[in-house]
Each structure stands twice: as structure tokens, then as C-alpha cells.
Amino acid sequence: MDQRTPAAPAVPAAPLGTAATATVTALALLLLVGCAADAAEHGTRGAAGVGDRYFPRLGNGGYDVQHYGLTLDYAPSTGRLKGTAEITARATQDLSSFNLDFAGMTVDSVTVGGRRATVHRSGTELTLRPRAGLTRGETFRTVVRYSGVPRRITDPDESHEGWLRRGDRAVGLGEPTGSMAWFPGNHHPSDKASYDIRITVPEGVKAISNGELRSERTSAGRTAFAWHSAEPMASYLATVAIGPYKTHEVKRKEKRKEGTKGQAAVPVVPLYTAVDPTVAEDGAELLAELPGIIDWETKTFGPYPFSSAGVIIGREDDSEYALETQTKPFLPGPTSVGTLVHEVAHQWFGNSVTPRTWQDMWLNEGFAEYAEWLWEEHTNDIPVQRSFDEAYADDDNWAFPPARPPSAANISDSPVYGRGAMVLHRVRVAVGDKAFFRIVRGWLRTYRHGNVSTDDFTAYVEKESGQDLRGVWDAWLYGDSRPTVI
Ligand code: TRP
Ligand code: ZN
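Residues numbered from 1 in each chain as written. Chains lettered and ligands numbered in written order. Predicted model: local features only at pLDDT ≥ 70, side-chain atom pairs only at ≥ 80, totals over all residues. Heavy atoms only, no water.

(A) Expanded view of the site of ligand 1. If you check the shell around ligand 1, you find 13 residues, and the closest are Glu175, His342, Glu343, Glu365 and Tyr417. The contact in question runs from a nitrogen atom of ligand 1 to an N or O atom on the side chain of glutamate 175, over 2.6 Å. Interatomic distance of 3.1 Å between a side-chain N/O atom of histidine 342 and an oxygen atom of ligand 1. Relative to its free-state accessible area of 370 Å², ligand 1 is covered by the protein chains to the extent of 87%. (Near = heavy atom within 4 Å. Polar contact = N/O pair within 3.5 Å; in protein donor to acceptor, adjacent residues only side chain to side chain. Areas by Shrake-Rupley, 256 points an atom, 1.4 Å probe, with all protein chains shown as cover.)

(B) Region of interest: the sheet that holds strand β16 (residues 240–243). Pairing within the open sheet is antiparallel, and its 5 strands lie in the order β9-β10-β11-β16-β13. Looking at which strands have only one partner, the edges of the open sheet turn out to be β9 (152–154) and β13 (206–209). Pairs of neighbouring strands in the sheet enclose a mean axial angle of 20°, with direction left out of account. (Pairing = 2+ DSSP bridges. Helix = DSSP H or I, 4+ residues; strand = E, 2+ residues; numbered from the N terminus. Axes fitted to C-alpha atoms, helices over the stretch in contact; angles between N-to-C directions.)

(C) Quick look at helix α6 (residues 384–393). Listed in full, the buried residues belonging to α6 are Val384, Ser387, Phe388 and Ala391. All buried residues of α6 project into a common sector of 100° when viewed along the axis, lining one side. Looking at α6, the residues exposed on the side facing more than 90 degrees away from the buried face are Glu390 and Ala393. The inward-facing, buried residues of α6 abut α5 (362–380), α7 (414–431) and α10 (470–478). (Buried < 20%, exposed > 50% of the residue type's maximum accessible area, 1.4 Å probe, protein only. Arc of directions from axis to C-beta. Contact = heavy atoms within 4.5 Å.)

(D) Examining the packing of aromatic side chains more closely. Inspection of every chain in the model, using the stated rule, returns 33 aromatic pairs. Relative to phenylalanine 306, the ring of tyrosine 304 lies with its centre 6.1 Å away and its plane at 80°, an arrangement referred to as edge-to-face. Taken individually, tyrosine 304 and phenylalanine 306 each receive the classification buried, so the pair is uniform in this respect. Ring centres of tyrosine 447 and tyrosine 460 lie 6.3 Å apart, and the angle between their planes is 75°; this geometry places the pair in the edge-to-face category. With tyrosine 447 in the loop between α8 (433–446) and β22 (451–452) and tyrosine 460 in helix α9 (residues 454–465), the pair connects residues that are 13 residues apart, well separated along the chain. (Phe/Tyr/Trp six-rings, centres within 6.5 Å; stacked < 30°, edge-to-face > 60°.)

(E) Here's a closer look at the nonpolar core. Ranked by size, the top nonpolar core spans 68 residues in total, and within it Leu72, Phe98, Trp182 and Ile199 carry the most contacts. Considering each element in turn, this core owes the most residues, 6 residues, to strand β1 (residues 63–75). Summarising the domain contributions, this core has at least three residues from each of domain 1 (245–252 + 269–344) and domain 2 (354–477). For leucine 72, the residues in contact, after removing those within four places along its chain, are Leu81, Lys82, Gly83, Tyr146, Trp182, Ile197, Arg198, Ile199, Thr200 and Val240. One finds Ala322, Phe437, Ile439 and Trp473 within the second-largest nonpolar core, a separate group that totals 61 residues. (Core = buried A, V, L, I, M, F, W, Y, C linked by side-chain atoms within 4.5 Å. Domains from an automatic or database assignment.)

Structure, rendered in C-alpha cells:
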């Protein structure tokens with residue numbers, strides 16, 4: 001891999017002067033010309049980050065990815081991954097160079113538009129300079145070949161993500177920055193794309209990813225799984241889980257159950273499930289809940305947003321938390337039903353309607369937590385108001401306003417979840433039940449497969465309710481202290 005050499009500005013040799021001023025002038029001229037060349041270059045250089053308040057270097061400017069085609073080959077015994085990432089993107093400005101986010105591994109070669117590009121790596125920034133500049137509006141294809149043992153990433157809050165390897169098993173988890181450990185890309189939630197993920201593993205081992213299984217082919221003792229995700233996906237939701245999983249596919253063509261008056265009683269999309277054999281029994285019990293959860297959430301929130309659903313149930317030591325990986329949440333073992341309800345709710349809140357920045361993550365977690373409260377009422381007769389009261393009484397939820405975590409180390413803290421859910425409940429109290437659920441479904445319909453900010457949310461709720469809810473936002477969303485409930 002060659003390092004990019006800094007562009008040397010072409011400066012005419014300064015005429016030999018006798019006075020010191022001439023030298024100074026020449027030097028100044030040289031500096032000026034240097035700066036001008038630099039500025040011209042800056043003008044068409046894609047930014048190294050999208051300016052996320054918590055992760056300023058995450059994502060990149062100047063292009064918009066449409067599709068990722070990942071072809072991966074994994075050897076569980078050594079932990080080695082060989083990958084090819086084919087990235088189809090559209091230039092949103094003229095580009096002399098652009099960046100990808102990538103952590104660890106080795107870059108073996110890069111082409112842009114079929115021609116070798118020069119590569120420069122610095123930290124998690126991969127800067128690519130195509131042979132010819134790209135023009136605004138142009139669609140171009142970048143192919144990165146890479147290899148190595150992908151790394152585990154430690155988050156600012158000390159939790160772990162990225163490539164998590166346990167013996168012969170491995171899982172790629174990406175919230176908020178982990179996906180850069182196993183493929184190069186534009187790793188900010190604001191740039192969603194469709195995906196084709198192909199993974200080859202030794203015969204007998206399973207490789208599960210997002211979306212639908214297009215093919216599974218074995219030859220010479222190795223099996224290639226091809227997974228397709230047509231709907232846009234933020235890169236933090238991409239996953240592959242490799243291990244001795246027991247997999248199951250339920251094709252869902254039947255839409256109606258007798259006597260449900262046209263309501264979809266079972267999911268209308270295929271279900272793909274994968275369960276680690278060591279947790280088969282409890283796993284099966286949890287799996288049995290999945291169709292009912294999807295069905296109830298579909299009735300509550302509106303149409304399921306993807307072409308398939310499912311879940312991956314791994315082992316307890318696979319990861320430190322569950323993650324709502326798109327179409328198939330990853331669970332480290334058979335978790336509580338509440339956790340499954342939470343991760344499935346993220347398919348609507350977070351995966352279809354995705355935060356514009358990490359600051360807006362309370363829109364994911366507040367809604368997913370609120371879904372758990374609704375489920376408790378629906379199945380166990382625990383009133384939502386009681387869940388609210390418990391959250392209200394919990395001091396941890398009042399450490400900061402939900403859309404203002406003090407630092408990147410706090411983006412998964414209690415206020416983002418508990419206080420986020422409280423905000424939603426206070427909206428419900430203000431607008432009434434009927435309007436609340438109408439607004440929630442409208443929100444999901446309006447921003448389906450898009451990105452949203454906190455301002456989008458408050459504006460939408462006010463417009464749709466016809467109410468000025470400044471009091472709710474000031475006290476529950478933005479206020480520093482616990483408001484009095486009257
Ligand atoms: N966002 C995940 C969920 O709510 C949980 C999660 C992902 C998490 N990364 C984390 C929790 C890091 C704590 C720390 O389903
Ligand atoms: Zn969550």
C-alpha cells in the first residue's frame with residue numbers, strides 16, 4: 001500500500017535577490033502559492049467527518065453511499081478475515097479525494113472506477129485519491145480489498161463492539177462505531193444504503209447477516225452464505241454472526257388468521273432465526289414469542305418496515321448487550337421477553353426512522369423503552385403510568401436531558417432510555433391517547449427509511465397535534481432538573 005505524497009506546489013524559482021526583503025517576499029510568495037494550492041485542493045477534498053457532536057470524525061463528506069457489496073471469507077480457527085468491499089456512491093460535490101472510515105486490518109488494494117487509487121491511512125481515516133477527480137452528481141464504484149484479524153473496539157463508555165470473537169464464534173456489532181472494524185465505509189447513521197453481504201465459512205458453520213438469504217452454496221468444504229438487504233440500513237446496524245448456529249426459516253405467505261377481521265395476525269414477512277445450540281431450550285421458548293411481538297408491534301406502530309424479520313440468539317459471553325441489528329436483533333443468549341420487545345421495536349424506531357446524529361439517539365431508545373412499557377400493560381396488566389412513575393423516581397434518569405448527553409461516554413446512559421420514554425409519555429398525556437398513537441404512526445410513515453433529528457420530532461408532534469407543546473419540551477426534554485408532576 002503506497003502512502004500518498006503531499007502535493008508539492010509548483011513554484012517558480014525565486015529570482016536571486018540581493019536584499020533580504022527579496023528573500024522575505026519570495027518566501028511569502030512561496031507560502032501564498034502553497035496555501036492557494038492547498039485551498040484549491042481543500043475545495044474538492046471530501047471532509048473527514050460529518051461533524052457529529054459526539055464523534056466528529058465519524059462518517060465522511062462529499063458523497064452518499066447507495067450500496068455496499070461485502071464479500072467476506074472468515075477462518076474461525078485463526079480469526080482471519082479476508083474482505084472485498086464494493087461501495088457504490090454518488091458524489092455530492094467535486095472530489096479530488098475522499099475518505100472512508102476503517103479501523104485495523106490491512107488494506108491490500110483500492111480501485112475507484114476500476115483504476116488504482118492512492119491510499120493514505122491515518123487513525124481510522126482512509127483517504128482515497130482516485131486517478132481522475134470525481135464530478136458532483138457522478139455515481140462511482142470503489143473496491144477495497146482488505147485482510148487481517150479484525151479488532152474489537154472499546155467505546156468511550158468502556159463497552160465493546162466491532163469484531164467480537166469467542167473461540168470459533170464471532171459477531172460483528174456496530175453501535176455506534178464498531179462496523180469500521182470489519183468493513184470500510186461511511187460509518188455515520190446519516191448515510192444509509194442497501195447491502196449485499198456474502199460470507200464464506202467452513203462447512204458446518206453458519207454465517208448469519210441482515211436481510212434475506214439469497215443463496216447458500218457449499219464447495220470444497222466451505223459454505224458461502226449470501227444475504228440481501230434491499231431497504232436502507234445505517235452501517236451501525238449491519239452484522240454478521242458466525243458459529244454453530246441452528247437456523248430456521250419460516251416463509252410467511254399466509255397473512256390472515258380466522259376471525260381477526262383483516263388484521264395481520266402473523267408477520268407477513270419471512271422470519272429467519274438462529275440459535276446457539278447450547279441455549280436451544282430457553283432459546284426456543286423466546287423464539288416462540290417473536291411472531292406475537294412482531295404482530296403486536298405492527299398493530300401498534302404500523303407496517304413492519306423490512307422485507308424480513310428474525311433474531312440471532314448467541315451465547316452470554318458473545319457480547320455485553322443486545323443490539324437491534326437490522327431485521328435480526330443480536331441477543332447474547334436468551335434474554336428477557338422485554339429485551340426482545342425492545343430490540344424488535346427498534347426496527348421501527350432507529351432502523352427505519354434513524355437518528356440524524358448520535359445526539360438524536362434518545363428517539364431510538366426512548367421509543368424502544370416505551371414499547372416495553374406498552375408491552376407490560378398489554379401482556380401483564382402493568383399500567384404504563386406505573387412504569388413512568390418508576391422511571392420518574394429513579395435518580396439515574398435525571399443525570400442529564402435525553403438529547404444532551406454530556407459526552408460520548410454517556411450516549412447509552414439511563415436518561416437516553418428512561419427519560420426519553422418519559423418525554424413520550426408526557427406527549428401522550430398532553431395530546432390524548434388517540435392523537436398520540438395517530439402521531440406515532442404518522443411519524444413512522446412520514447420518515448420511513450429516513451433520518452430524523454430531535455427538532456424534526458418536536459415540529460412534527462406540534463404540527464400534527466395542533467398544540468403548542470413548549471411546556472412539555474422545556475420541562476421533560478430539555479430541562480436540567482426533575483419537573484414536578486401535577
Ligand atoms: N442500543 C442497544 C439497545 O438498546 C444497547 C447498546 C448498544 C449499548 N451499545 C451499547 C448499551 C453500549 C450500553 C453500552 O438495544
Ligand atoms: Zn435500545
